[in-house]
Amino acid sequence: MTVDRRSRPDTTRPAGPVSTYTEWDPLEEVIVGTMRGAAVPQWDVAVESCVPASARELFTRSAGQPWPRAHAEAAEAELDAFAGFLTSRGIVVTRPDPVDHTRSFSTPRWSSPGGLYSAMPRDLLLVVGDMIIESPMAWRSRYFEADAYHRLLTDYFRRGARWIAAPRPLLDDDTFDAGFDRETPFATGSYATTEVEPTFDAADFTRCGTDLFAQRSHVTNRLGIEWVARHLDPEYTVHIVETIDPYPMHIDASFVPLAPGKLLLNRNKVKDVPSVLDAWDVRVAPEPAVPDDFELYMSSPTVGMNVLMLSETQVVVEAQETALADMLDGWGFDILPIPFRNVMRFGGCFHCVTADVRRRGELRSVV
Ligand code: ARG
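Residues numbered from 1 in each chain as written. Predicted model: local features only at pLDDT ≥ 70, side-chain atom pairs only at ≥ 80, totals over all residues. Heavy atoms only, no water.

Asker: How should I be thinking about the site of the ligand in this particular structure?
Answerer: Residues in close proximity to the ligand include Asp123, Ala203, Met249, His250, Asp252, Lys269, Ser299, Ser300, Gly347 and Cys352, which together make up its full environment. Contact distances for the ligand include 2.8 Å between a nitrogen atom and a side-chain N or O atom of aspartate 123. Against a free-state accessible area of 350 Å², the protein chains account for coverage of 96% of the ligand. (Near = heavy atom within 4 Å. Polar contact = N/O pair within 3.5 Å; in protein donor to acceptor, adjacent residues only side chain to side chain. Areas by Shrake-Rupley, 256 points an atom, 1.4 Å probe, with all protein chains shown as cover.)

Asker: Where do I start with the state of the cysteines in this structure?
Answerer: What makes a disulfide is a covalent bond joining the sulfur atoms belonging to two cysteines. Throughout the structure, instances matching the rule amount to zero disulfides. Here cysteine 208 stays unpaired: no disulfide links it, and the sulfur of cysteine 352, its closest cysteine neighbor, is 17 Å away. Assessed through its relative accessible area of 0%, cysteine 208 is described here as buried. Judged by relative accessible area, which is 3%, cysteine 352 ranks as buried. (Disulfide = S-S within 2.5 Å. Buried < 20%, exposed > 50% of the residue type's maximum accessible area, 1.4 Å probe, protein only.)

Asker: How should I be thinking about the nonpolar core in this particular structure?
Answerer: The tendency in soluble globular proteins is for nonpolar side chains to be buried as a group. One finds Met35, Phe59, Trp67 and Trp139 to be the most contacted residues of the largest nonpolar core, which totals 58 residues. Among the elements of the structure, strand 1 (27-32), helix 1 (45-48), helix 2 (56-62), helix 3 (69-88), strand 16 (334-338) and helix 9 (341-344) are those that each provide at least two residues to this core. Take this core: its biggest share by element is seven residues, from helix 3. Once residues within four sequence positions are removed from consideration, methionine 35 is found in contact with Trp67, Ala72, Ala75, Glu76, Leu79, Tyr117, Ala119 and Phe346. Counting residues in hydrophobic clusters, the runner-up holds 29 residues, among them Ala259, Leu264, Leu277 and Val307. (Core = buried A, V, L, I, M, F, W, Y, C linked by side-chain atoms within 4.5 Å. Helix = DSSP H or I, 4+ residues; strand = E, 2+ residues; numbered from the N terminus. Contact = heavy atoms within 4.5 Å.)

Dropping the structure here:
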């Protein structure tokens, strides 16, 4: 018996079930997350570093319990409607398996009162070409998050995709630094995660063909970025985006490539764009529409710039983010408005709640 030892994407044969090189090639198949079974995470160093201080009380009191029901249900209704919208456009939508994240778990070294959710596959699954990489996430509550996707991933693997998981991190106490810099981690290099082992979240990476962009965040360390860079095929280059974000976690509401030559930027989070993108048109996102008194459990109000491209021109934008929609309209995009504010409460928008499995297109350089 022989095994197909393909080591590179083979562009001479038709694309397999998994094939994504950019954030904008025409979307054909996507995983959409779910809030079903979601639980409040435990308050700890890694969580504190990335979420609003106002979440402390709820996370301390209710770790391992379901989220406030009305909020979770409203978010799930929006997720279902979004999935239905994508389906109506001919895009194949898959959803994670049901998982009860309120179950406590432990490793031989620590325990957690519960998990988090299966709402944000983007955070967990890094799809590059025909390969799906499971991230070694730094939040203990997210240790087993990949379980909800294993049936799906096995199916993609059976049909020809490559599937790997980064080394399972220990997440001992020395993976974290309680004395991290709460104001300027980017200046001092003092983040909530240390460098004792690689950790990363997939959402700290973004893809532009042969070039990927990544940020050091409170959950993604230098070793994590190095691990990804060394495991991609040799045609890829990973560039590091230097941020000015006091709470860095996930690059996709800070540095958002929309189409070849077009980059949307969060001025509060990124000052300098890597010089490989000097020829690109870089525009700053307008002020978000989310009012100050709208309770966001896990992100800043600018999370609405976390848009999803269905193609180089079509962009899904949160229905109330009209300033952003107008700006993108003036930049030549077709706007597809979808209500999603209840999902935004839980830390993400359209890009976060998806993991694109297949986009029609080939590997090329766009920088
Ligand atoms: N950390 C970002 C913010 O506070 C949110 C990023 C969300 N992205 C994601 N993939 N979950 O605005």
